Amino acid sequence: AQTVTQSQPEMSVQEAETVTLSCTYDTSENNYYLFWYKQPPSRQMILVIRQEAYKQQNATENRFSVNFQKAAKSFSLKISDSQLGDTAMYFCAFFGVSTPLVFGKGTRLSVIA
Amino acid sequence: DARVTQTPRHKVTEMGQEVTMRCQPILGHNTVFWYRQTMMQGLELLAYFRNRAPLDDSGMPKDRFSAEMPDATLATLKIQPSEPRDSAVYFCASSVTVNTEAFFGQGTRLTVV
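A short tour of the structure in this document, coming up.

Notes on the layout of surface pockets
Here's step 1: In this structure, the largest pocket encloses a volume near 610 Å³.
Here's step 2: Broken down by secondary-structure element, the contributors of at least two residues to the lining of the largest pocket are strand E10 (88–96) and strand E12 (107–112) of chain A together with strand E4 (31–38), strand E9 (88–95) and strand E11 (108–112) of chain B.
Here's step 3: For the lining of the largest pocket, the residue count by class is twelve nonpolar, ten polar and five charged.
Here's step 4: In this structure, the second largest pocket encloses a volume near 260 Å³.
Here's step 5: For the second largest pocket, the lining is made up of 18 residues, of which Gln44(A), Arg3(B), Val4(B), Phe104(B) and Gln106(B) are closest to its centre.
Here's step 6: By residue class, the composition of the lining of the second largest pocket is ten nonpolar, four polar and four charged.

Points about the packing of aromatic side chains
Here's step 1: A complete count under the given rule lists 17 aromatic pairs over all chains for this structure.
Here's step 2: When the centroid spacing of 5.4 Å and the interplanar angle of 85° are considered together, the rings of Phe103(A) and Tyr35(B) count as edge-to-face. Within this pair, whereas Phe103(A) is found in strand E11 (residues 102–103), its partner Tyr35(B) is found in strand E4, the two belonging to separate chains.
Here's step 3: In this structure Phe103(A) comes out as buried when scored by relative accessible area, which is 9%.
Here's step 4: A ring pair is formed by Phe103(A) and Phe104(B), whose centres lie 5.9 Å apart and whose planes are at 70°; its orientation type is edge-to-face.

Considering the state of the cysteines
Residue and element names in this part refer to chain A.
Here's step 1: For the coordinates displayed, the defined rule picks out two disulfides over all chains.
Here's step 2: Here Cys 23 is linked by a disulfide to Cys 92, with a sulfur-sulfur distance of 2.0 Å. On the S-S bond that ties Cys 23 to Cys 92, the torsion sits near -70°, and the link is left-handed. Of this pair, Cys 23 sits in the loop between strand E3 (19–21) and strand E4 (24–26) while Cys 92 sits in strand E10, placing them 69 residues apart in sequence.

Re the side chain of Gln6(B)
All names here are of chain B.
Here's step 1: With respect to the helices and strands, Gln 6 occurs in strand E1 (residues 5–7).
Here's step 2: A polar contact is formed between the side chain of Gln 6 and the backbone nitrogen of Cys 92, at a distance of 2.9 Å.
Here's step 3: At 3.0 Å, the side chain of Gln 6 forms a polar contact with the backbone nitrogen of Gly 107.
Here's step 4: Aside from chain neighbours lying at most four places away, what touches Gln 6 is Arg 22, Cys 23, Trp 34, Tyr 90, Phe 91, Cys 92, Gly 105, Gln 106, Gly 107 and Thr 108.

Quick look at the pairing of strand E9 (residues 74–79) of chain A
Residue and element names in this part refer to chain A.
Here's step 1: In terms of burial, E9 is a largely internal element, five of the six residues being buried.
Here's step 2: The pairing of E3 with E9 spans three bridges and is classified as antiparallel. Within E9, the position partnered with Val 19 by the bridge is Ile 79.
Here's step 3: Relative to E9, strand E8 (residues 64–69) runs antiparallel, the two sharing six bridges. Along E9, the bridge assignment pairs Phe 64 with Ile 79.
Here's step 4: Linking two consecutive strands that pair antiparallel, namely E8 and E9, is a turn of four residues; a positive phi of about 55° is found at Lys 73 within it.

Definitions and cut-offs
- Residues numbered from 1 in each chain as written.
- Chains lettered and ligands numbered in written order.
- Predicted model: local features only at pLDDT ≥ 70, side-chain atom pairs only at ≥ 80, totals over all residues.
- Heavy atoms only, no water.
- 1 Å grid on protein atoms, 1.4 Å probe; cavity = no way out; pocket = protein on both sides within 12 Å on 5 of 7 lines; lining within 4 Å.
- Points joined across faces, edges and corners; volume = space filled by probe spheres on them.
- Helix = DSSP H or I, 4+ residues; strand = E, 2+ residues; numbered from the N terminus.
- Nonpolar A, V, L, I, M, F, W, Y, C, P; charged D, E, K, R; others polar.
- Phe/Tyr/Trp six-rings, centres within 6.5 Å; stacked < 30°, edge-to-face > 60°.
- Buried < 20%, exposed > 50% of the residue type's maximum accessible area, 1.4 Å probe, protein only.
- Disulfide = S-S within 2.5 Å.
- Polar contact = N/O pair within 3.5 Å; in protein donor to acceptor, adjacent residues only side chain to side chain.
- Contact = heavy atoms within 4.5 Å.
- Pairing = 2+ DSSP bridges.

By themselves, these observations are geometric and do not establish any function.
If you want it as structure tokens, here you go:
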């Protein structure tokens, strides 16, 4: 079974600083996608960024970027210039050809003014 | 504006009653997921469908839960009889196919008293 592990239940960062959220996963598949979702207090699940496993280049979306290490099965999310609106739960997720979309337990991020 | 629609948004029911949650996936999406979110367990995959066929419902308590897709525009999750431990937020999500972004509904907050 595929598992996704987020080892940091909670994190905090000062506004305008940079923070990195960790995620590791376990799989025997070679072709898969990885995602980071954000869940603000409104509870809506919002896609932050996605990474295709066959791409070596790390994905970037504005202030959000990932460090994808396929051999190490690691997929961390870096948030630069943190803003108060980034306060939310962040979920790492794995989606394989033969594996449904599964999530880690989440990291609660607080951005402090 | 394509979105996944879930009804109802909130449901309070008494223990032993039947609960039906509905989901309208985005038109053209062939993969539908049901998740349950609790503080303790995070986002648990209950069931998922591809082209209306159930592929995996191993995460679902079979004695009381059932999930169906009567047609491509409707997915249902039923609990009969409901119990207080079923209290949670239930999310439906859909994606175009495997390995692509899943779009989430706003969830149904279920409270069983």
